[in-house]
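Descriptive analysis of the structure
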Amino acid sequence: MTAQIGDDVAYAGADWSLAGVNGGELFDPASHGLRVRPASTACWRGFVCRYELRDNALYLGGLDVALEGDAPPLLDKMPQKPTTPLGFTATYEGIGLPVPFSGGLLLARDFLLDLYVHMGFHPA
């Protein structure tokens with residue numbers, strides 16, 4: 001069993017890890033008809049989002065997901081074969097879905113081994 005894979009956020013020309021959320025909901029695959037299952041011990045929730053912050057708005061740019069059954073199109077984007085061997089069944093790129101989020105995001109860089117959480121997310 002391992003630490004959980006967190007979501008990523010592209011912001012100001014760099015990739016960051018989403019370390020904390022204060023406010024509304026982020027992307028939920030079920031609200032778009034995707035039935036997820038655990039991908040592996042590193043991803044019990046079954047999906048990992050790649051967000052983008054631009055023009056003071058949050059967008060879903062990409063998604064890795066472990067689905068029950070065949071992978072359908074997501075917002076007219078066809079699923080691709082995953083490039084990482086972590087139990088995901090589909091990858092979606094170039095989604096560009098606006099995420100109606102109002103609140104704060106705590107972005108971080110690097111994994112601190114001293115703060116490892118067994119079967120959990122790295123603490124903020």
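By convention here, each chain's residues receive numbers from 1 onward along its written sequence. The predicted nature of this model means local features are confined to residues of pLDDT at least 70 and side-chain atom pairs, given and counted, to a pLDDT of 80 or more, with totals for whole chains, interfaces and linings taken over all residues. Only hydrogens and water are set aside when side-chain values are computed; all heavy atoms of the structure are taken into account.

**So, the overall build of the chain**
Of the regular secondary structure elements, the chain holds zero helices and six strands. Secondary structure elements in the chain, listed N-terminal to C-terminal, are β-β-β-β-β-β. Taking all contacts inside the chain whose residues are at least 6 apart in sequence as the whole, residues at least 24 apart take part in 65%. Note on areas: Shrake-Rupley with a 1.4 Å probe; residue coverage comes only from the protein chains shown. Of the roughly 7400 Å² that the chain leaves accessible, carbon and sulfur atoms contribute 54%. To qualify as a helix, a DSSP run of H or I must reach at least 4 residues; to qualify as a strand, a run of E must reach at least 2; elements of each kind are numbered from the N terminus. Whether two residues are in contact is decided by their heavy atoms: any pair within 4.5 Å suffices.

**Some remarks on the environment of Gly20**
With respect to the helices and strands, the residue Gly20 is situated in strand S2 (residues 14-23). Apart from residues no more than four positions distant in its own chain, Gly20 is found in contact with Gly104, Leu105 and Leu106.

**Side note on the pattern of salt bridges**
A carboxyl oxygen of Asp or Glu within 4 Å of a side-chain nitrogen of Lys or Arg is what we treat as a salt bridge. Tallied over the entire structure, the rule returns five salt bridges. Glu93 is the salt-bridge partner of Arg50, the closest N and O atoms lying 2.7 Å from each other. On the criterion of sequence distance, the pair formed by Arg50 in strand S3 (residues 47-54) and Glu93 in strand S5 (residues 90-98) is long-range, its members being 43 residues apart. Via salt bridges that share partners, Arg50, Asp64 and Glu93 belong to a single interconnected network.

**A short note on the sheet that holds S3**
Reading across the sheet, the six strands line up as S5-S4-S3-S1-S2-S6 and stay open at both edges, with mixed pairing between neighbours. Of all strands in the sheet, those bounded by a partner on one side alone are S5 and strand S6 (103-108). When strand polarity is set aside, the average angle formed by the axes of neighbouring strands in this sheet is 30°. Here, a strand pair is defined by DSSP locating no fewer than two bridges between the strands. Inspection of the sheet shows S3 paired to strand S4 (residues 57-65) by eight bridges, in the antiparallel sense. Among the inter-strand pairings, Tyr51 is bridged to a residue of S4, identified as Leu60. Throughout, an axis means a line fitted to C-alpha atoms (over the contacting stretch in the case of helices), and angles, computed between N-to-C directions, take values from 0 to 180 degrees.

**Describing the nonpolar core**
Of all hydrophobic cores here, the largest spans 20 residues; its most connected members are Phe27, Tyr51, Leu60, Leu63 and Tyr92. Only S3, S4 and S5 provide two or more residues apiece to this core. Once you skip the residues sitting within four places of it in the chain, Leu60 turns out to touch Phe27, Cys49, Arg50, Tyr51, Ile95, Gly96, Leu97 and Val99. By convention a nonpolar core is built from buried Ala, Val, Leu, Ile, Met, Phe, Trp, Tyr and Cys residues, the set being connected through side-chain atoms within 4.5 Å. In this scheme, a residue with accessible area under 20% of its type's maximum is buried, one over 50% is exposed, and one in between is partly exposed, where area comes from a 1.4 Å probe on protein chains only. Core analysis: the second largest hydrophobic core is formed by five residues, Ala39, Cys43, Ala66 and Phe88 among them.

Just geometry here; none of it tells us what the structure is for.
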